[in-house]
Amino acid sequence: MKSAKAFDIPKAMVWDAYKDVKRSGGGPGVDGQTMEDFESDLKNGLYKIWNRMSSGSYFPPPVLRVNIPKADGGIRELGVPTISDRIAQATVKRYLEPLVEPYFHEDSYGYRPGRSALDALTRTRERCWRDDWVLDLDIKGFFDTLDHALVKRAVRRFTTCPWVLLYIERWLQADVQGKDGKLQTRQMGTPQGGVISPLLANIFLHLGFDQWMMDTFPSTHFERYADDIVVHCRSRKQVEWIKERIEHRLQLCKLTLHPEKTRVVYCKDSSRTGNWPCQSFDFLGYRFRPRSARNRRGELFVSFSPAISPKASRNLRQHIRRQWKLTARTQYSLSDLAHRLNPVIAGWINYYGRFCRSALHSVLNHINITLVGWAMRKFKRFYRRRTRAHVWLKGVARRDPRLFVHWQYQGWMTRAV
């Protein structure tokens, strides 16, 4: 029997989309509804999403604007959809992603199944060792300045599915609502924080950048993670020529390179005798720059290699101070804290410790300093006695070196006091 609905959207796709959103987590949108609230009437909530999407009557609510301070003093605006809207977006993503994935470039790594930032960093390191120059690209306000007409044209290159095109258009046009309740219409851009936004960004930049690079400079390698792009060149002349061409190409896509953050970088090491004022760049939380290293014979040399960036290190320490607030957690035991914090610490070590793990020690040491502060607040015998609290913590680490996951990487913590 033919369905009476305007669009044939499988209910199982909506169910799988809900599971995707649940795994990803995230806070409430403009309606204040949490995932727990939504799940209190799960069957009815999912049916409403499916019914409205299938009938063509689904209109996304405004996204909640959340301002995140940036390291340079600016503000990054995130747009947080409601739980229901995230499920609707994830439904479209589940349909669209398998269609576009086979066409995407092998050096596009962001928000793609089976690919990660560490994969991009590994390839970047290899190519910095091979090529002398890097073009570190920064697209100014990428997510905020995407042209809607060009985005829709890009999506139509991969699908003519009417309900996918309809809802993508509605999400692009959805209003933004501040915490004060004021609505702001949007004429361009797609909100960071939306489920569908990273996929739309990848589709747009695949056609606008990746495919163009393959056609125009087939022997020039690059890594792209969403709108973060690194291009590798053999000579200064080549990198400056390619920079001009890329700038012109992005202008045709109605995008602009940030004049101060886009830089030409010389990958200085022991084998490269040239000179250039800029010899470092940041990519995905790592800083690539000349560093001392040892070869297999134990001889020192200079390698152009990555380690956690100063900005990422500072952000992690701020997170420890502002989010953990351990001095206010004196109701917990040390074992309780370890149980709560170890998954987070392990994640940091697995990511930021992949290359040059020793550079992560300032963050790991800050965790210990914070634990000492916690002990001084919890135990009266350590009040205003930091040295004694530190000796006590080292004693715990020596007796139980696996209590906190980072202690096994800090031999000085587990040696006899």
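Figured I'd write up the structure that's included with this text. The model shown is predicted, which means the values in this text are computed figures rather than measured ones.

## Thoughts on the sheet that holds strand β8 (residues 263-266)
- With respect to topology, four strands assemble into an open sheet ordered β6-β7-β3-β8, the strand pairing being antiparallel. At either end of the open sheet lies a strand with only one pairing partner, and these are β6 (222-225) and β8. The average undirected angle you get between the axes of adjacent strands in this sheet is 15 degrees.
- Alignment of strand β3 (residues 133-138) against β8, held across four bridges, turns out to be antiparallel. In the sheet register, Val-134 faces β8, and the bridge partner there is Val-265.
- Running over the sheet, helix α5 (residues 117-130) touches β3, β6 and β7 (228-233) and is turned about 160 degrees from β6.
- Against the sheet, helix α9 (residues 197-216) makes contact with β3, β6 and β7, and its axis sits at roughly 175 degrees relative to β6, the strand it touches most.

## Focus on α5
- Look at α5: 20 Å from first C-alpha to last across 14 residues, which is about the 20 Å you get at 1.5 Å a residue.
- By the burial criterion, the buried members of α5 are Ala-117, Leu-118, Ala-120, Leu-121, Thr-124, Arg-127 and Cys-128.
- Backbone nitrogen of Leu-118 and a side-chain oxygen of the N-cap are separated by 3.4 Å at the start of α5; the cap is Ser-116.

## A word on the environment of Leu-78
- Within the secondary structure layout, Leu-78 lies in strand β2 (residues 75-80).
- Judged by relative accessible area, which is 27%, Leu-78 ranks as partly exposed.
- Taking the C-alpha atoms as reference points, Leu-78 and Glu-223, separated by 145 residues in sequence, lie 25 Å from one another.
- Those residues in contact with Leu-78 that sit more than four places away from it in its chain are Leu-64, Arg-65, Val-66, Ile-68 and Gln-192.

## Let's talk about the side chain of Arg-65
- In this fold, Arg-65 is placed in strand β1 (residues 63-69).
- Of note is the side chain of Arg-65, whose polar atom sits 3.0 Å from the side chain of Gln-184.
- Setting aside residues no more than four positions away along its own chain, Arg-65 makes contact with Glu-77, Leu-78, Val-176, Gln-177, Gly-178, Lys-179 and Gln-184.

## As for the pairing of β3
- Within β3, five of the six residues are buried, which leaves it mostly tucked inside the rest of the structure.
- Bridge count for β3 against β7 is six bridges, and the pairing is antiparallel. In the sheet register, Trp-133 faces β7, and the bridge partner there is Cys-233.

## So, the pairing of β6
- Of the two faces of β6, the one lined by Phe-222 and Arg-224 and the one lined by Glu-223 and Tyr-225 are each fully buried.
- In the sheet, β6 pairs with β7 via four bridges, with the strands oriented antiparallel. Across the sheet, Phe-222 pairs through a bridge with Val-231, a residue of β7.
- Between the end of β6 and the start of β7, which pair antiparallel, lie two residues, with Ala-226 showing a positive phi angle near 55 degrees.

Basis of the calculations
Residues numbered from 1 in each chain as written. Predicted model: local features only at pLDDT ≥ 70, side-chain atom pairs only at ≥ 80, totals over all residues. Heavy atoms only, no water. Pairing = 2+ DSSP bridges. Helix = DSSP H or I, 4+ residues; strand = E, 2+ residues; numbered from the N terminus. Axes fitted to C-alpha atoms, helices over the stretch in contact; angles between N-to-C directions. Contact = heavy atoms within 4.5 Å. Expected span 1.5 Å × (residues − 1). Buried < 20%, exposed > 50% of the residue type's maximum accessible area, 1.4 Å probe, protein only. Polar contact = N/O pair within 3.5 Å; in protein donor to acceptor, adjacent residues only side chain to side chain.

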